[in-house]
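# A closer look at the structure
Chain by chain, the residues run as shown.
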Amino acid sequence: MKPSTDRIPAGWTVEGPFLRDALLPLSGSRRPSAMDKQPASVQVWLDQDGLRGDRVADRRFHGGPDRSLCHYPTEHYAYWRMRYRHLGAIGAAAFGENLSTTGLTEHEVCVGDRYQWGEALIEVSQPRSPCAKLDRRHAAPGLSREMAQSGRTGWLYRTLVPGYILPGARLQLIARPNPDASILRVWRGFIDSALGDDELAWLAGLPALAGEYRLAFRHRRDARRRQQDQGTLF
């Protein structure tokens, strides 16, 4: 279902910005992690590479032009506290996000949405791909898999116009050019191996979707076409 802009409020109160200025080892491992980010106490500069001072553990999967910010809905934490009883104290920033809000979820947010946050203009680029490090960090086996299966993934932004972000700066929707392209729809398509041809082609050409996602959809589309072509030869 297309998200309705008629019900979108003027803006959202933000918890954040959150950042991690030093990497910490995961429990029982030497692998570094930038989770458990801390709230900024002063304004923070945001540019195409992310928040200044926010460390990234592995740039193959985090950071860069299409992943300058991570957003996770605050309301999802109530589900995770219920699902994993030992996580009764988790809340905003526990999953490594840079900002969190109430009232915006994967159902409403669309790829290509543009938001004003402080002085910066940011654009939704892709769903967040849940990382297995979440399981280890929170001693919750299966957490990342359940995040993926449930669609409670969160999403990422690219920075279009850099600027300073004050703690508590509100998030304001500026434009929604792709109202059919909800984060949930894109993510469901990404994990559905039986996705229909038309949907696969649509996702492969979706404007504003991060290049790695469009490339993955194109590879799947092209592989399916080759299989179909081979089938006609026999």
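Residues numbered from 1 in each chain as written. Predicted model: local features only at pLDDT ≥ 70, side-chain atom pairs only at ≥ 80, totals over all residues. Heavy atoms only, no water.

## Description of the sheet that holds strand β6 (residues 44-47)
With antiparallel pairing, the 3 strands of this open sheet are ordered in space as β7-β6-β13. Strand pairing shows two members of the sheet lacking a second neighbour, β7 (50-51) and β13 (163-165), which therefore form its edges. The sheet contact formed by β6 and β7 spans 2 bridges and is antiparallel. Note that in β7 the partner of D47 across the bridge is G50. (Pairing = 2+ DSSP bridges. Helix = DSSP H or I, 4+ residues; strand = E, 2+ residues; numbered from the N terminus.)

## Things to note about unusual backbone geometry
Residue P17 follows G16 across a cis peptide bond; omega there is 10°. Position of P17 among the secondary structure elements: in the loop between β1 (14-15) and β2 (18-19). At A93, a residue that is not glycine, the phi angle is positive and equals roughly 85°. Counting through the fold element by element, A93 comes out in the loop between α1 (76-83) and β9 (100-101). By relative accessible area, which is 3% here, A93 ends up buried. Its identity is not glycine, yet A139 carries a phi of approximately 50°, on the positive side. Within the secondary structure, A139 sits in the loop between α2 (133-137) and α3 (143-150). (Buried < 20%, exposed > 50% of the residue type's maximum accessible area, 1.4 Å probe, protein only.)

## Let's talk about the pattern of salt bridges
Overall, the coordinates contain 10 salt bridges when judged by the stated rule. A salt bridge links K37 to D54; the shortest N-O distance between them is 2.9 Å. One end of the pair, K37, is in the loop between β4 (32-33) and β5 (38-39); the other, D54, is in the loop between β7 and β8 (69-71), and 17 residues separate them in sequence. By the burial criterion, K37 is buried, and D54 matches it. Residue D66 pairs with R158 through a salt bridge whose shortest N-O separation is 2.9 Å. Of the two residues, D66 sits in the loop between β7 and β8 while R158 sits in strand β12 (residues 155-161), which places them 92 residues apart along the sequence. (Salt bridge = Lys/Arg side-chain N within 4 Å of Asp/Glu carboxyl O.)

## Brief notes about the sheet that holds strand β10 (residues 114-117)
The 5 strands are arranged β8-β12-β11-β10-β14 in an open sheet whose pairing can be described as antiparallel. Unpaired on one side and paired on the other, β8 and β14 (171-175) mark the two borders of the sheet. Taken over all neighbouring pairs, the strand axes of this sheet differ in orientation by 40° on average, direction set aside. As judged from the 4 bridges shared by β10 and β14, these two strands associate in the antiparallel manner. Each bridged residue has a counterpart across the sheet, and for Y115 the counterpart in β14 is L173. Each of β11 (120-127) and β12 is contacted by helix α4 (residues 183-191), which is oriented at about 35° to β11, the strand it contacts most. (Axes fitted to C-alpha atoms, helices over the stretch in contact; angles between N-to-C directions. Contact = heavy atoms within 4.5 Å.)

## Notes on the nonpolar core
Within the largest apolar cluster, 36 residues are counted, with the highest numbers of intra-cluster contacts made by Y115, W117, Y157, L171 and F217. Secondary-structure elements contributing two or more residues to this core are β6, β10, β11, β12, β14, α4, α5 (197-204) and α6 (211-231). (Core = buried A, V, L, I, M, F, W, Y, C linked by side-chain atoms within 4.5 Å.)

## Looking at α3
Inspection of α3 places L143, S144, E146, M147 and A148 among the buried residues, and these make up the whole buried set. Close packing links the buried residues of α3 with α1, α2 and α4.

## Regarding the pairing of β12
Within β12, 5 of the 7 residues are buried, leaving the element largely enclosed by the surrounding structure. Inspection of the sheet shows β11 paired to β12 by 6 bridges, in the antiparallel sense. Considered in β12, the bridge of Q126 is made with L156.

## Focus: the pairing of β11
Where burial is concerned, most of β11 is hidden: 8 out of the 8 residues are buried. Note that β10 and β11 share 4 bridges and pair antiparallel. The residue of β11 that forms the bridge with Y115 is I122. What sits between the antiparallel neighbours β10 and β11 is a turn of 2 residues, in which G118 has the positive phi angle 60°.

Distances and angles like these do not, on their own, reveal function.
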